[in-house]
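An overview of the molecular structure
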Amino acid sequence: MGSSLPWENLETPLESQEAGLGQGAMIPTVCEMCFWKCGVHARVHQGKLVALTGNPDHPLSRGRLCPRGVGGIGSLYDPDRLSEPLIRVGERGSQQFRVATWEEALDRTAEGLRKVADQYGPESLALFYHGAGGSFFKTLFKGMGTANIAAPSYAQCRGPRDVGFELTFGEGAGSPEIADVPNARVMALIGTHLGENMHNTSVQDFSAALGKGMRLITVDPRYSVAAGKSKYWLPIKPGTDIALLLGWANVIIREGWYDAAYIEKNAVGFEKFRAEVSKYTPEAVYIETGIKPEQLIATARELAQAAPHSLVHPGRRVTWYGDDTQRCRAVALVNGLLGNWGQPGGFYMSSSIPLKQAENQPPLAEHQAASDRPAGSYPYAGSVLANGLREATLTGDPNELKAWMVYGTNLPMVLPDPRKTLAAIQKLDFMVAIDILPMEITGWADVVLPECTYLERHDDLIAPWYREPYVALRQPVVEPMGNSKPGWWMAKQLGKRLGLEEHFPWETANDMIGDRLNASGFSAAQQANLYRKGVILKQADPMYLPAGAPLDLATPSGKIEFWSQQLADTGFDPVPVYRRPEQPGPGTFRLLTGRSPVHTFGRTANNSRLLDQYPENEVWLNRATAVDMGLRSGDRVMMKNQDGAETGPVKVKATERIRGDCVYMVHGFGHKAPRMRRAHNNGGDDNALTTRYKVDPIMGATGYSVNFVTLEKVEV
């Protein structure tokens, strides 16, 4: 593979100035403890990683890391890591494997993929991926002739908000989000757990804005960390958010708290929108949401009087009830009333540094995904649906999938209703899993390929759209442990075996990165500085529109679309409509889930450093309800949903900080994978309880928050 530690050859490596840790190189790289990709300084002493700190030159970290970023050492040195290629020897799912050489494992993988493609066609192949290293396997699968390439982060997380914003403003909410939080005077959060969903830059911006006096409105059935920072906490009845948002729109329009000249110049369909929201009076909204009329009016006034320097945040994981695109569109429409698009404290205009493909790398043919949805369904899906690929595997509609590659995503704890995921896997002719840890998905694979961590490998260059355009470099800081390998190397080796070597025309990772930097016009000095500093910055394009400048949006009208003719023409509501959700029955509770600031989904549930900070999840239960049930904090309960699925025993957290009609737990615990010794049976698996889900008819996302559970005390 050539030298994997190019910083060793630099004449002036960054030297540590921190006392007490000894001398050693400080190497810049990029974190992947979550997928925010913060810049990191890794201190290495005598070949061992001893500390991780934020890179002050990187615009996402700004010299700071979140707890997960600091805890990355625990993942690097996790004793349960996959260290050798494995080939299944028992029945699928039996957890019986033998150690294989890389040659044997790669040959077996290429053979399994080629055999399926030859017999059923390339549309029978599917790739599921999450993380930066997935780009290499996307190239591999596109080269094989399939576009069945899905990241669950779309349909199981952020997709509805992007489609809702695209239908309204012609542009998605971005990643990182284009919310100009540092300059907001007022911000509303709709079920968005800033401070618990610990995206480093967002939390830094959030804290800075609060320090400058930003007034916060938090809409959440739970008194979250953000609610504790708020001027207003609205403990909404779960599932009624659309009613609240349209109620805000009603009040702002009725009271004349919007810029009529701005709307006249920059919007279409406003009068139809006004008529549609007229029925969402504060009194009518109160009946549905439990939010008192005076609170609705006061919070609408708070947003409107600070406009255009106010916003309703678009959120991140927004897959809740199956009407999620329309709820996110309602968020976008309230922002449209605030006139905050392209304005300080609203939504800024992002920019990026364009990167070109290496000149010696031929372009890939474009294919249409043919297997993730029946023809005509989910017309506004902007990416391949992971749940749709699973459905096609089960039903053969529209095309039966016969082989999966799963890179860095633990599908049994990611896709709703894990019973269907396992049933789909059992129908496959072949499956290969690529991971760092022996997650649940690896136990069902035919071949398991051990990837080295982000601290031991290169990935592709990182150049997102952001307020400060930049290119960042992930580079290894220590040698790979065991016999693990980087994803770029695996993809190249598989490419050789599949006749796709031309798409991987480099011998080393440094060659791969250098070829792309050369094609993009970076000088030798700039490239050397990238290895030394970890990031190249460029002056930003204008972030804001001039005051009074007309909008020029990528919608069909070029304006804000309060009434969507696109939606009307495809049979959907052109303006969001609130429909009353199903309510929990006696003795049952709606299950809500979220994040811990020290864990990333289920990826860190085996990390000893992070488990020291948050050792297991709990189920939040209203204290008065707990008393009625004879429960108190620290008791353990089994949780059972409406379909009889169970998880537990889970510790109870009895608290006034949650409504009595719902319970809440942090996602990612309760692993069943036996080789993850710390995570195994630790806490409860919320995904085991998501046997019911509602698919958004507009773009295909899966709404999770439609499951109801009972709690039964157990003695342990």
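As shown above, the structure is provided for reference.
A short tour of the structure in this document, coming up. (Residues numbered from 1 in each chain as written. Predicted model: local features only at pLDDT ≥ 70, side-chain atom pairs only at ≥ 80, totals over all residues. Heavy atoms only, no water.)

Quick look at the pairing of strand E2 (residues 25-30) now. Most of E2 sits inside the fold, with 6 of its 6 residues counted as buried. Across 6 bridges, E2 lies against strand E3 (residues 39-45) in antiparallel orientation. Its bridge partner being in E3, Thr 29 is matched across the sheet by Val 40. (Buried < 20%, exposed > 50% of the residue type's maximum accessible area, 1.4 Å probe, protein only. Helix = DSSP H or I, 4+ residues; strand = E, 2+ residues; numbered from the N terminus. Pairing = 2+ DSSP bridges.)

What follows concerns the sheet that holds strand E22 (residues 636-641). Adjacent strands of a sheet pair through backbone hydrogen bonds, lying either parallel or antiparallel. Reading around the barrel, the 6 strands line up as E20-E24-E21-E23-E22-E27 and close back on themselves, with mixed pairing between neighbours. Neighbouring strand axes in the sheet, compared pairwise and without regard to direction, differ in orientation by 45° on average. In the sheet, strand E20 (residues 589-594) pairs with strand E24 (residues 662-666) via 5 bridges, with the strands oriented parallel. Counted as the bridge partner of Leu 591 is Val 663 from E24. (Axes fitted to C-alpha atoms, helices over the stretch in contact; angles between N-to-C directions.)

Moving on: the pattern of salt bridges. Scanning all chains against the criterion turns up 43 salt bridges. The salt bridge partner of Glu 656 is Arg 623, with a shortest N-O separation of 3.0 Å. You can see Glu 656 sitting in the loop between strand E23 (646-655) and E24 and its partner Arg 623 sitting in helix H20 (residues 623-629), a full 33 residues away along the chain. When its relative accessible area of 37% is taken as the criterion, Arg 623 is described as partly exposed. Residues participating in the shared-partner salt-bridge network are Glu 32, Glu 451, Arg 457, Asp 459 and Arg 474. (Salt bridge = Lys/Arg side-chain N within 4 Å of Asp/Glu carboxyl O.)

The next subject is the environment of His 45. Take His 45: it is sitting in strand E3. Distance in space between the C-alpha atoms of His 45 and Leu 500 is 40 Å, their sequence separation being 455 residues.

Let us now look at the environment of Ile 253. Counting through the fold element by element, Ile 253 comes out in helix H7 (residues 241-254). Along the sequence, Ile 253 and Arg 108 sit 145 residues apart, while their C-alpha atoms lie 64 Å from each other.

Across the sheet, which stays open at both edges, the 7 strands sit in the order E6-E5-E16-E15-E14-E7-E8 with mixed pairing between neighbours. In this open sheet, the two edge strands, each paired with only one partner strand, are strand E6 (97-99) and strand E8 (149-150). Bridging between strand E5 (residues 86-88) and E6 involves 3 bridges; their strand directions are antiparallel. The residue bridging Arg 88 from the neighbouring strand is Phe 97, located in E6.

To continue, consider unusual backbone geometry. Look at the link from Ala 307 to Pro 308: it is a cis peptide, with omega at 5°. Secondary-structure assignment places Pro 308 in the loop between helix H11 (293-306) and strand E13 (310-312). The omega angle of the peptide bond from Asp 397 to Pro 398 is 5°, so this bond is cis rather than trans. Along the chain, the position of Pro 398 falls in the loop between helix H13 (386-395) and strand E14 (403-407). A positive phi angle is found at Lys 37, which is not glycine, with a value near 65°. Here Lys 37 is to be found in the loop between E2 and E3. We note that Asn 681 has phi near 60°; this positive angle belongs to a residue other than glycine. Mapping Asn 681 onto the fold places it in the loop between E24 and strand E25 (694-695).

Of note, Thr 319 is situated in the loop between E13 and helix H12 (324-338). Only 3.1 Å separates the side chain of Thr 319 from the backbone oxygen of Gln 156, close enough to count as a polar contact. Not counting residues up to four positions away in its chain, the partners in contact with Thr 319 are Ala 155, Gln 156, Cys 157, Pro 160, Asp 324, Ala 701, Thr 702, Gly 703 and Tyr 704. (Polar contact = N/O pair within 3.5 Å; in protein donor to acceptor, adjacent residues only side chain to side chain. Contact = heavy atoms within 4.5 Å.)

Another aspect to go through is the packing of aromatic side chains. This structure, assessed with the given rule, holds 19 aromatic pairs. Ring geometry for Phe 169 versus Trp 341: centroids 4.2 Å apart, planes at 10°, classification stacked. Here Trp 341 lies in the loop between H12 and H13 and Phe 169 lies in helix H5 (residues 152-169), a separation of 172 residues in the sequence. For the pair Phe 169 and Trp 341, one class covers both residues: buried. Here the aromatic cluster, defined as three or more aromatic residues joined through ring pairs, consists of Phe 136, Trp 488, Phe 504 and Trp 506. The ring of Trp 620 carries Arg 222 above its face, with NZ or CZ at 4.8 Å from the centroid. Just above the ring of Trp 489 sits the side chain of Lys 485; from NZ or CZ to the centre is 5.0 Å. (Phe/Tyr/Trp six-rings, centres within 6.5 Å; stacked < 30°, edge-to-face > 60°. Lys NZ or Arg CZ within 6 Å of the ring centre and 35° of its normal.)

The quantities given are spatial measurements derived from coordinates; they are silent on function.
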